[in-house]
2 protein chains.
Amino acid sequence: MSITREKIIELGEDLIRTKGYNAFSYQDISSELGIKNAAIHYYFPSKENLGTSIVKTNIQRFEEMTDNMRSRGFDEWHQLETFIKIYTKSHREQKRCIVGSLGPDIPSLSDNTVSELKRMSNIILEWLTNTLATGREKGIFAFKEDPQIKALLILSSLIASLQLARLIDKIEYKSFCNAILEDLRI
Amino acid sequence: MSITREKIIELGEDLIRTKGYNAFSYQDISSELGIKNAAIHYYFPSKENLGTSIVKTNIQRFEEMTDNMRSRGFDEWHQLETFIKIYTKSHREQKRCIVGSLGPDIPSLSDNTVSELKRMSNIILEWLTNTLATGREKGIFAFKEDPQIKALLILSSLIASLQLARLIDKIEYKSFCNAILEDLRI
DNA sequence: TTGCAAACTTACTTAGTAGTAAGTATATTT
DNA sequence: AAATATACTTACTACTAAGTAAGTTTGCAA
């Protein structure tokens, strides 16, 4: 694969996660990479191709992570801890997650991008639901709600807190994430 | 106050909550209201003025609601229930809340709009923190976390779930909101 | 060495954006 | 009746966006 193509995807993801899909332009990418606007169109004929590719890359990354955790025999607590670390890292870097960034812009996304984004959300939610359910069966987690509802509660908290962090300065992000985990302790 | 001005604010809020700040234009408003583009500039010289006014209107509305609940002697459970109803209503109407809509677009908002948005977030969070703390003292709510952390968890869940609702169809929004309330039951 | 494909650049179009200056009709005040 | 303010419209500017067509360089293969 071309190095320029990879750089465009990487920078595009960054821009989506900081400025948002509608707020960034091909200009932002071309000037940063020292190439011309049309060079981006060479790899991604339209902005929707770029958007879709970025989401697909993220799905792949997420699946690699969960596969990796499973093959390394992480228990459910450890898996959830690792998952939450993605968000603390994003918070440190002042970025949001892809789902939280593209979600608000759904009305201006193409059908292809939206369907990939839906696929991604469902993959994450299914993994989380599964991890919670299995963890509770094994006696690792304790919670009274339905696993899917609980998964949704946790995912919502993580996504929105990255956004709220920009609005409310006094957020202690670590305590926040800790509270999510501690809430599940037996 | 002018009726056109009020209509512009109302429609503007709607557009922000459905399409997003960067995705709507003065054209969207003018064509819908049957006026010319420049008429909007007459009331709101720049888009930032409109944005700021919309946030201010929302702050006022929120404060009227909480004042009203207090003066009518609602207990904390009833107050929280009423607050959550704002989100179930938004969900029914397929809209997000103002904080959840403008939050993602902070990098493209003016300083004035951002500071009003921060003020709004803090007012909501302070009210929620306060309600949770008082409710727990009175023995109405049960939770182990710090009230501010708990408030943040609840607010994040409510905000993000409106966004996720567009991505994950099988969300049972009522059960979701119910889970938030039930989690606080003694 | 010629041919060809990959990876671009140059130079452009089209469409939409916020914003403005100047004019006009209507109602209100003096 | 004259002056003035309100609430707009007309007609524009300046700019930025995505996207495209055609040309250029570079490396490799026949």
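Provided above is the structure to which this section pertains.
All values derive from a computational prediction rather than experimental measurement.

Calculation rules
- Residues numbered from 1 in each chain as written.
- Chains lettered and ligands numbered in written order.
- Predicted model: local features only at pLDDT ≥ 70, side-chain atom pairs only at ≥ 80, totals over all residues.
- Heavy atoms only, no water.
- Helix = DSSP H or I, 4+ residues; strand = E, 2+ residues; numbered from the N terminus.
- Buried < 20%, exposed > 50% of the residue type's maximum accessible area, 1.4 Å probe, protein only.
- Contact = heavy atoms within 4.5 Å.
- Areas by Shrake-Rupley, 256 points an atom, 1.4 Å probe, with all protein chains shown as cover.
- Salt bridge = Lys/Arg side-chain N within 4 Å of Asp/Glu carboxyl O.
- Nonpolar A, V, L, I, M, F, W, Y, C, P; charged D, E, K, R; others polar.
- Least-squares fit on C-alpha atoms with pLDDT ≥ 70 in both.
- Near = heavy atom within 4 Å.
- Polar contact = N/O pair within 3.5 Å; in protein donor to acceptor, adjacent residues only side chain to side chain.
- 1 Å grid on protein atoms, 1.4 Å probe; cavity = no way out; pocket = protein on both sides within 12 Å on 5 of 7 lines; lining within 4 Å.
- Points joined across faces, edges and corners; volume = space filled by probe spheres on them.
- Disulfide = S-S within 2.5 Å.

Caption draft 1: How the structure looks around the overall build of chain A. Scanning chain A from terminus to terminus reveals nine helices and zero strands. Start at the N end of chain A and walk to the C end: the helices and strands fall as α-α-α-α-α-α-α-α-α. Along the longest, intermediate and shortest principal axes, the C-alpha atoms of chain A span 55 × 40 × 30 Å. A burial count over chain A gives 54% of its 186 residues as buried. Of the contacts made within chain A by residues no fewer than 6 positions apart, 67% connect residues no fewer than 24 positions apart. Counting only carbon and sulfur atoms, one obtains 47% of the accessible surface of chain A, whose full area is about 8600 Å².

Caption draft 2: Looking closely at the interface of chain A and chain B. Each partner contributes residues to the interface: chain A has 44 residues there, and chain B has 44 residues. Here chain A and chain B share two salt bridges between them. The partner of Lys170 of chain A in a salt bridge is Glu126 of chain B, and the shortest N-O contact between them spans 3.9 Å. When contributions to the side of chain A that touches chain B are tallied by element, the ones reaching two or more residues are helix H6 (98-102), helix H7 (111-137), helix H8 (147-164) and helix H9 (173-182) of chain A. Looking at the side of chain A that touches chain B, the element that brings in the most residues is H8 of chain A, giving twelve residues. Residues belonging to the side of chain A that touches chain B are distributed by class as follows: 20 nonpolar, 13 polar and eleven charged.

Caption draft 3: Region of interest: the relation of the copies chain A and chain B. Placing chain A over chain B gives an RMSD of 0.0 Å and needs a rotation angle of 180°, together with 0.0 Å of translation along the axis. In symmetry terms, the pair is related by a two-fold rotation axis. When you check the interface residues of chain A against chain B, 100% turn up at the interface there too, and the contact is symmetric in its surfaces.

Caption draft 4: The arrangement of the protein's contact with DNA strand D in detail. Around DNA strand D lies a shell of 14 residues, among which Ser46 and Lys47 of chain A together with Thr4, Lys36 and Tyr43 of chain B are the nearest. In the environment of DNA strand D, a phosphate oxygen lies 2.7 Å from a nitrogen or oxygen atom belonging to the backbone of Lys47 of chain A. Here Tyr43 of chain B contributes a side-chain N or O atom positioned 2.6 Å from a phosphate oxygen of DNA strand D. Taken together, the elements giving at least two residues each to the surface near DNA strand D come down to helix H3 (37-43) of chain A together with helix H3 (37-43) of chain B.

Caption draft 5: Inspection of the protein's contact with DNA strand C at higher detail. Taken together, 16 residues surround DNA strand C, and among them Lys36 and Tyr43 of chain A together with His41, Ser46 and Lys47 of chain B come closest. The sugar and phosphate moieties of DNA strand C supply 74% of its atoms located within 4 Å of the protein. For DNA strand C, a phosphate oxygen lies 2.5 Å from a polar atom in the side chain of Tyr43 of chain A. In the model, a phosphate oxygen of DNA strand C is placed 3.0 Å from a nitrogen or oxygen of the Ser25 of chain B side chain. For the surface near DNA strand C, the secondary structure elements donating two or more residues are H3 of chain A together with helix H2 (26-33) and H3 of chain B. If you tally residues by element for the surface near DNA strand C, the top one is H3 of chain A, at four residues. Each residue belonging to the surface near DNA strand C can be placed in one class, and the counts come to nine nonpolar, five polar and two charged.

Caption draft 6: Just the side chain of Ser30 of chain B, in detail. As for its position among the elements, Ser30 of chain B is in helix H2. Apart from residues lying up to four places away in sequence, Ser30 of chain B is in contact with Ile35, Lys36, Asn37 and Ile40 of chain B.

Caption draft 7: Local environment of the layout of surface pockets. All names here are of chain A. Empty space within the largest pocket amounts to approximately 750 Å³. Elements with a minimum of two residues in the lining of the largest pocket: helix H1 (3-18), helix H4 (47-71), helix H5 (76-92), H6 and H7. Counting residues per element, the lining of the largest pocket draws most heavily on H1, which supplies nine residues. Split into classes, the residues belonging to the lining of the largest pocket amount to 13 nonpolar, five polar and 13 charged. As a volume, the second largest pocket reaches approximately 620 Å³.

Caption draft 8: Representation of the state of the cysteines in the model. Residues and elements named next belong to chain B. According to the stated counting rule, one finds zero disulfides over all chains in the structure shown. Its sulfur unpaired, Cys97 is 12 Å from the next cysteine sulfur, which belongs to Cys177. Overall, the relative accessible area of 10% leaves Cys97 in the buried class. Note on Cys177: relative accessible area 4%, which makes it buried.

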